[in-house]
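# Descriptive structure summary
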Amino acid sequence: MLNSLYISSFVIIDKMQIDFHDHMSVLTGETGAGKSIIIDAIGQLTGNRASNTMVRKGKDKAIIEGVFYLEKSTELLAIFNSINIDFDNETIITKEIYENGKSHIKINYRNATNNALKLLAPYLIHIHSQFETQSLFSADKHLSILDQYAKISQDMIDDYQSSYNNYKKIESKLKMISEEEMSDEAIEYYQSQYNEIKDFSYTDEDIEEIENELNLMKNYEKMNLHINEFDRLFNGSHGGVLEYLSDAIDELNQLKDFNVFSDSYDHLYNEYYNLKDIYSEIMNHYHSFSFDEYRFNELQEELFKIQKIQRKYGYSIEKIIAAKENLKEKIELSMNRESIIAELYKKKNLLYNQAIEKAKKLHYLRKDAAIEFEKEIKNQLEDLYMPQALLKVHFDKSSLNKSGTDKIIFMAAMNRGSAFIPISESASGGEMSRMMLAIKTITFVDNVTDTIIFDEVDTGVSGKAADAIGAKMEQLSAFKQVICITHLPQVAVHAKHHYSIIKESDNAETYSSIKELNNQERVAEIAKMLSSNVITNEAINNAKALLQQKKDL
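By the naming in an unreviewed UniProt entry, the chain goes by DNA repair protein RecN and is assigned to Eggerthia catenaformis OT 569 = DSM 20559. Here the chain is described in UniProt, under the heading Function (unreviewed entry), as follows: "May be involved in recombinational repair of damaged DNA." Recorded under Sequence similarities (unreviewed entry), the UniProt text for the chain is reproduced unchanged: "Belongs to the RecN family."

## Some words on the sheet that holds strand β6 (residues 103–107)
Within a sheet, neighbouring strands are paired by backbone hydrogen bonds and run either parallel or antiparallel to one another. Within the open sheet, the six strands sit side by side as β2-β1-β4-β5-β6-β7. Their pairing is antiparallel. A strand with exactly one partner marks an edge of an open sheet, and here the two such strands are β2 (13–19) and β7 (110–112). Averaged over neighbouring strand pairs, the angle between their axes works out to 15° when direction is ignored. Contacting β1 (2–10), β2, β4 (61–69) and β5 (90–98), helix α1 (residues 35–44) crosses the sheet at an angle of about 105° to β1.

## Side note on unusual backbone geometry
A negative phi angle is the norm for most residues apart from glycine, just as the trans form is the norm for most peptide bonds. For His 23, which is not glycine, the phi dihedral falls at a positive 65°. Examined against the element boundaries, His 23 turns out to sit in the loop between β2 and β3 (24–28). For His 23, a relative accessible area of 30% translates into the label partly exposed. Positive phi is not limited to glycine here, since Tyr 385 has a value of about 60°.

## Considering the side chain of Thr 405
Counting through the fold element by element, Thr 405 comes out in strand β10 (residues 404–413). Judged by its relative accessible area of 8%, Thr 405 falls in the buried class.

## Let's talk about the environment of Thr 53
Within the secondary structure, Thr 53 sits in the loop between α1 and β4. Sequence separation between Thr 53 and Asn 100 is 47 residues, and the spatial gap between their C-alpha atoms is 9.2 Å. Side chain to side chain, Thr 53 and Ser 51 meet in a polar contact 2.9 Å long.

## Quick look at the packing of helix α5 (residues 140–150) against helix α14 (residues 337–383)
For the pair α5 and α14, interaxial distance at closest approach is 9 Å and the crossing angle is 90°. On the basis of their axis angle, the class for α5 and α14 is roughly perpendicular. Counting all contacts with α5, which are made through Leu 143, Ile 145, Leu 146, Asp 147, Tyr 149 and Ala 150, the residues of α14 involved are Leu 365, Arg 366, Ala 369, Ala 370, Glu 372, Phe 373 and Glu 376. Counted by class, the contact of α5 with α14 contains nine nonpolar, no polar and four charged residues.

Conventions we followed
- Residues numbered from 1 in each chain as written.
- Predicted model: local features only at pLDDT ≥ 70, side-chain atom pairs only at ≥ 80, totals over all residues.
- Heavy atoms only, no water.
- UniProt positions renumbered as here; feature names shortened; annotations may be inferred.
- Pairing = 2+ DSSP bridges.
- Helix = DSSP H or I, 4+ residues; strand = E, 2+ residues; numbered from the N terminus.
- Axes fitted to C-alpha atoms, helices over the stretch in contact; angles between N-to-C directions.
- Contact = heavy atoms within 4.5 Å.
- Buried < 20%, exposed > 50% of the residue type's maximum accessible area, 1.4 Å probe, protein only.
- Polar contact = N/O pair within 3.5 Å; in protein donor to acceptor, adjacent residues only side chain to side chain.
- Parallel < 35°, antiparallel > 145°, perpendicular 65-115°, else oblique.
- Nonpolar A, V, L, I, M, F, W, Y, C, P; charged D, E, K, R; others polar.

Rendered as structure tokens:
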């Protein structure tokens, strides 16, 4: 749940603090007042891309901070662990956007990335805009909507896709092998490359040790000069650091009976012997090393061979090993081509059958869910003043793909006796808004997200249909925090909390502010919505009647 939101220097917002509540809240105001800008700011906290155009003119940076209350869950704890941030029920997300377009993010006062926000987003807020309503026109979205309704677990999807990906890898490998030419010249070339790389067994640590030892030898004279000078200054027989420090400690020793100097003497005494240990360690390292011309040449030759292989096969150990394995496989294939291809065909068929079986389980779950989905959508559409409208989930069988073997299209018949046609061809804008709201209502109740924002999704409706949309949002707010932006008074009266967005201008700038309305102010705001910003006595009475009618229900 979104408890509060602070916005500073964001587009036309100078400073704004909003405390949100549970159930349904509505944001109203004239066009251009900044309602959608607030939603854009919230979107930044879910990982939306930042832009320098979001920073208010004349300001160095914009700040958006949201305070969320999150219910602890195993999945949510796993995400917090993955981003190395301690979980807290009250989670604070701060995003600063600078005038150069770069941004800085903190979660619970710890630095975080935009990817971290995207991982948390499904547990924070779902923003439903007019654009998302248009996604119903895309058949690609229909399968994911049905899967969400069917509560098909991500583990089950991942398990199927793992089998599918394994099958596609073998299929691709088999195709490559079948088409690859295996002439004597090609085999000879592969063998020569393999001979060059087969004995390569270095690790990154091995290469680093060789480079370090070689670097020491290249700089041996310089090292020898500086170490000798260090030895003279630190431990010289005619006045080095250790000798002077020893004399100074002896002088202080004469005063150690005075308590004020006792601790200082002990501390300095201990540090003297620590320094002696460090000096001995440095000199031992130096004496353990000597320049060996034979070893120097050997290391140079060894590193040259390593670098030659790196340039040819890749600079990472992983790439070199992969190249070696690939060459080995090609050589083995040239010697046992028929048996290897036969084995791959066998493995391909096995993986295909495994993927098909898992795809069938997905199909049966979807078919069963589709029946209930159609019934529930019908009931929701009746509430939304579309009593004759029906939705049908049409299944087509497709070849094995990343989603299974189902191709799904939502078909609709908007009037009694009408034929079912793809929803993208049958619904008007207002009907599409209500259809999407019906889908949201039945799929969102069990969703992990606690907050849903509807950004002017009631476009194209009015009258009883608008009232029904408001009632449906209010119904959803019994389970989730609902925040709605609307221009329709019939929707606004269903909210438990009402905020007005106000745009003001002076000679130089435009400002947007927000105010939570009391009962009297709310009546005036509804009246403005009813009478196009002109508050008349009739509009006041109509506003009171709408609000009273809502209370009486």
